[in-house]
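# A closer look at the structure
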Amino acid sequence: MFKLSISPSSDPFPFAALVIASFLKSSVEVTVSFDHEDNGYVLTRADGTQVDDGESIVRTLAKEANVGSNSTQGEALIALAKSLPTTKEFATLTSSLDALDDRLALRTFLDGYELTVVDWLVWGSIKGSLKPLGIMKGGKHPHLLRWFSYMESLPSTQAALAELAESRSRGAKADKGKAASSFALGLEHAEMGKVVTRFPPEPSGYLHIGHLKAAILNQYFAEMYKGKLIIRFDDTNPSKEKTEFEDSILEDLAVLNIRGDKLSHTSDYFDELYDYAVRMVKEGNAYVDDTDRETMQKERMDGIESRRRNLSVEENLTRFGWMKEGTEEGLKCCLRAKISFTDPNKAMRDPVIYRCNPLPHHRTKDKWKIYPTYDFACPVIDAYEGVTHALRTNEYRDRNPQYQWFLDALKLRKVHIWDFSRVNFVYTFLSKRKLRDCLELGLARGWDDPRFPTFRGMLRRGMTTEALRQFMLSQGPSQNQVLLEWDSIWTINKKIIDPVAPRFCAIVKDDMVEVTVKGGPGEPEVKSLPRHKKNADAGMKKTVFSSTVLLEQEDAKTFAENEEITLMDWGNAIARKITRSEAGNVTHIDAELHLAGDFKATEKKVTWLAKADAAHPLVRTTLLDYDYLVTKRKLEKEDTVAEVATAQTEFSVDAVADANVLELGERDIIQFERKGYFILDKIVQDGSEKRLEFIRIPDGRAAGIALKSSGGAPAGKKTADLAADPSIKMYKVDPVSKVDSVKAATTMYKVKSVYED
């Protein structure tokens, strides 16, 4: 057992020690705490001995987990990294980073085939040094940057850095005269192997992004402490719940790789809960109230005692019996806990713990006419099932004393509550009722609509489960109620899909331009090119070269006669003659290949497709993009869907794509070059040919996720955005270190790669 104590203000900060401790929690018993009173850091062993050197702390933990250095070369890399923070000469720093970049050119990790102490120490050295970090991010060390980004994207690293930031924020806000705050990287009062968490969704709808944080955090802590996770359906409201929703929630959790060690339902314990309620009545801790709803709410707000509060135990038991039988008088009643009617915390003012509902339950059928409230059932079953830590959003904070009161009144075992902030996003409803309103108003087509914040809707729009997990863990234990932008989570998603998404080409059909290419092959020829220039594992694609190619109108309009442009993946060409219609649209271009031209010197680099023929057809595609469902940035409870609905939220463009897309399957993620990332949503059979529907995946940039509508007016020009995103239209091509020539039987001239220096 180890305990790592770190001051958030340590200088230099022991990043390597912090993140390796977080990473090894599943294999080494180590807890981490932030101590604002101290200025250093120390690792304490079970026997009380201490290690107070950053490198030694990392080596001690790595040795315990058997991930030490494997070679002399590894030790040399550690020595090199240790010199980075103190090296002042730019040339020397660059040379050191060059050596690390070369080392990683053909390797995933620095020393061996898995993460070792070498990776952690080198990463920590760079992370804590501004100069090396800046040089590395300058674009000259792609292999080193790829490795560094991978290390930083690990969920354990994200969680550790988020908790460090939170601790620093707390320290900055604390008064100097007060005792320094302490923040634990994990759960308080947690013992390895004994932690039990629970995720208690209500089976009344589909999982949305608000639920995911709770699910991911509960699983995270159960795994961190080698404990157990209970998935418990809170099925106490027959009016809303369906088996269909239970099945969908379990399916979604399985996609997230969240599988509980135990599956239960609140309805499994209806008998026990009823017995506890009777006991509370007999002990004078509960009473039956037939006050009407409006009067009861007013009395609770004003601190007025209910006229039924002091009924005798016998009378309360009789009336509770009416409730259980569902009699006419019983249906007018509810059971309330007898806590207080004047407590400053209104959650403690005699809350309702049982109410009547004559509708059949989807599991227990007609057995019960009364059902416990969540406030009562949750603490009782948490204690009953052995939950050690109840993770709750801090909107329940006022109810935490109520939770504890039930445990004390029934003399049940203690359960520790761990609060975290609720997830809220701009322009987004998370209320199930309001999402249902969206469906009823025809604003969306189903619970998996890509405009919905449901888990299924987000997956359909191209979100990855890894991005969701990283984002939720990066939020950490923050208590701040903030309105989150969508750009953060989509940016994480882009980092995950960009290295693996194969590249293809699509041309918008509307007014596309035919180009006659002088010097092109007499007959169409096919060459194999990499699907992803920086990832050989993505495979190869077939590219057709022809003397007649197609360009988008938006590109062609920008050309001037005799201007040299670059045809991507081919070479340079000169637009010799441009024919335009009376309206100013380009109708035809005569161009001449100029393969000796320098692609770096051209301003415009455009995508193109060879004109289709019988042997080399193009594929009909539909490119879809979506807007926010509502026009109001911060939604209030009183806002109705009809009042804030966006007039137009779906935008469609017809295009043609190269035939390589026919090899894709539904849910595959790709990039259409210069258009962005897309996910294949549907393959539609239109007669004898297929039409592929792609949904655009937001990439986190402001232009891609900004509200496209203003004040509910239709969002007019999205078609043009899909035709050529202005923020990426004239992008600069990054050179790669080496491009292997492609040898194929051909009668065509030799093509020099435009990606070679």
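Values in this document were obtained by computation on a predicted structure and should not be read as measured data. (Residues numbered from 1 in each chain as written. Predicted model: local features only at pLDDT ≥ 70, side-chain atom pairs only at ≥ 80, totals over all residues. Heavy atoms only, no water.)

Now for the overall build of the protein chain. Counting its regular elements, the protein chain contains 23 helices and 32 strands. Looking at the 757 residues of the protein chain, the share that counts as buried comes to 52%. Considering only contacts in the protein chain between residues 6 or more positions apart, those separated by 24 or more positions represent 73%. For the protein chain, the computed accessible surface area is about 34,400 Å², with 49% contributed by carbon and sulfur atoms. (Helix = DSSP H or I, 4+ residues; strand = E, 2+ residues; numbered from the N terminus. Buried < 20%, exposed > 50% of the residue type's maximum accessible area, 1.4 Å probe, protein only. Contact = heavy atoms within 4.5 Å. Areas by Shrake-Rupley, 256 points an atom, 1.4 Å probe, with all protein chains shown as cover.)

Let us look at the sheet that holds strand β11 (residues 352-356). Backbone hydrogen bonds hold the strands of a sheet together, and the pairing may be parallel or antiparallel. Ordered by their spatial adjacency, 4 strands build an open sheet running β9-β10-β11-β12, and the pairing between neighbours is antiparallel. This sheet does not close on itself; its edge strands, each paired only once, are β9 (286-289) and β12 (370-372). In this sheet, neighbouring strand axes are inclined to one another by 20° on average, regardless of whether the strands run parallel or antiparallel. Here 3 bridges tie β11 to β12, and the two strands are oriented antiparallel to one another. (Pairing = 2+ DSSP bridges. Axes fitted to C-alpha atoms, helices over the stretch in contact; angles between N-to-C directions.)

Bringing the pattern of salt bridges into the picture now. What the rule picks out here adds up to 48 salt bridges. As a salt-bridge pair, aspartate 350 and arginine 309 come within 2.7 Å of each other at their nearest N and O atoms. A residue pair is termed long-range when its members are at least 10 positions apart, and aspartate 350 in the loop between β10 (334-337) and β11 and arginine 309 in the loop between α12 (293-302) and α13 (313-325) qualify at 41 residues. You'll find aspartate 350 and arginine 309 in the same group, each marked buried. Salt-bridge contacts for arginine 691 lead to glutamate 693; the nearest nitrogen and oxygen are separated by 2.9 Å. In this structure, arginine 691 and glutamate 693 share a single accessibility class: buried. (Salt bridge = Lys/Arg side-chain N within 4 Å of Asp/Glu carboxyl O.)

The N-to-C vectors of helix α1 (residues 15-23) and helix α2 (residues 54-64) enclose an angle of 20°; their axes lie 8 Å apart at closest approach. With respect to α2, the element α1 is oriented roughly parallel. Where α1 crosses over α2, the two elements pack in a sense that is left-handed. Contacts from Ala16, Ala17, Ile20 and Ala21 in α1 reach Ile57, Val58, Leu61 and Ala62 in α2. The residue inventory of the contact of α1 with α2, partitioned by class, reads 8 nonpolar, no polar and no charged. (Parallel < 35°, antiparallel > 145°, perpendicular 65-115°, else oblique. Left-handed = near helix turned anticlockwise from the far one by under 90°. Nonpolar A, V, L, I, M, F, W, Y, C, P; charged D, E, K, R; others polar.)

Burial analysis of α1 places 8 of its 9 residues in the buried class, the great majority of the element. Considered for burial, the residues of α1 that qualify are Phe15, Ala16, Ala17, Leu18, Val19, Ile20, Ala21 and Ser22.

If you walk across this open sheet you meet the 7 strands as β17-β30-β31-β32-β28-β29-β18, and the pairing is mixed. The sheet is open, and its two borders are formed by β17 (503-504) and β18 (506-508), each paired with just one other strand. As paired elements, β17 and strand β30 (residues 669-672) share 2 bridges and run parallel to each other. For phenylalanine 504, the partnering residue across the bridge sits in β30 and is phenylalanine 672. The strands that helix α19 (residues 487-497) touches are β30, β31 (676-686) and β32 (689-697); relative to β32, the one it contacts most, it runs at about 130°.

The next thing to look at is the pairing of strand β6 (residues 196-199). Residues Val196 and Arg198 point to one face of β6 and Thr197 and Phe199 to the other, with burial holding for every one of them. Taken together, the 4 bridges between β6 and strand β7 (residues 228-233) define a ladder with parallel strand orientation. Its bridge partner being in β7, valine 196 is matched across the sheet by lysine 228. Between β6 and its parallel partner β7, the chain crosses via helix α9 (residues 209-224), and the hand of that crossover is right-handed. (Right-handed = clockwise from strand over helix to strand, strands pointing away.)

As a further point, take the nonpolar core. Counting residues in hydrophobic clusters, the biggest one holds 67 residues, and the most contacted among them are Ile209, Phe221, Leu253, Leu468, Trp486 and Ile489. The dominant element in this core, judged by the number of residues it contributes, is α9, at 10 residues. With 52 residues, the next largest nonpolar core counts Leu18, Val51, Trp120 and Leu121 among its residues. (Core = buried A, V, L, I, M, F, W, Y, C linked by side-chain atoms within 4.5 Å.)

What follows concerns the packing of helix α3 (residues 72-83) against helix α5 (residues 117-127). Closest axis-to-axis distance for the α3/α5 pair is 9 Å, and the angle between their directions is 15°. Taken together, α3 and α5 sit at an angle that is classed as roughly parallel. α3 and α5 meet at a crossing whose hand is left-handed. Contact with α3, carried on its side by Gly74, Leu77, Ile78, Ala81 and Lys82, involves Val118, Leu121, Val122 and Ser125 of α5 and no other residues of that element. Here the contact of α3 with α5 is built from residues that sort into 6 nonpolar, 2 polar and 1 charged.

This part covers the side chain of arginine 451. Looking at where arginine 451 falls in the secondary structure, it is placed in the loop between α16 (432-440) and α17 (455-460). For arginine 451, a relative accessible area of 12% gives the class buried. Only 2.8 Å separates the side chain of arginine 451 from the side chain of aspartate 449, close enough to count as a polar contact. For arginine 451, the side chain forms a polar contact with the side chain of threonine 649, separated by 2.8 Å. Ignoring anything within four residues of it in the chain, the contact list for arginine 451 reads Leu443, Ala444, Arg445, Tyr626, Asp627, Leu629, Thr649 and Glu650. (Polar contact = N/O pair within 3.5 Å; in protein donor to acceptor, adjacent residues only side chain to side chain.)

When pLDDT is averaged along the protein chain, the result is 87, and 89% of the positions lie at 70 or above. The secondary structure element of the protein chain with the lowest average pLDDT is strand β5 (residues 182-184), at 34, and the one with the highest is β10, at 98. Between residues 174-184, whose pLDDT stays under 50, and residues either more than four places distant or in other chains, the model counts 16 contacts. Every residue in residues 710-757 scores below 50 in pLDDT, and together they form 93 contacts with partners more than four places removed in sequence or on other chains. (pLDDT = per-residue confidence, 0-100.)

With that settled, the discussion passes to the environment of glutamate 166. By secondary structure assignment, the location of glutamate 166 is in helix α8 (residues 155-173). C-alpha of glutamate 166 to C-alpha of proline 8: the two residues are 158 residues apart in sequence and 9.8 Å apart in space.

Inspection of every chain in the model, using the stated rule, returns 28 aromatic pairs. For the pair tyrosine 269 and tyrosine 384, a centre-to-centre distance of 5.4 Å together with 70° between the ring planes defines the contact as edge-to-face. With tyrosine 269 in the loop between β8 (262-265) and α11 (270-282) and tyrosine 384 in helix α14 (residues 374-385), this residue pair connects regions lying 115 residues apart in the sequence. Judged by centre distance (6.2 Å) and plane angle (35°), the rings of tryptophan 418 and phenylalanine 420 are tilted. Judged by relative accessible area, phenylalanine 420 falls into the buried class, the value being 2%. (Phe/Tyr/Trp six-rings, centres within 6.5 Å; stacked < 30°, edge-to-face > 60°.)

A few words on the environment of aspartate 234. On the secondary structure map, aspartate 234 appears in the loop between β7 and α10 (243-255). The sequence separation of aspartate 234 and threonine 266 amounts to 32 residues, and the corresponding C-alpha distance is 5.2 Å. There is a polar contact of 3.5 Å between the side chain of aspartate 234 and the side chain of threonine 266.

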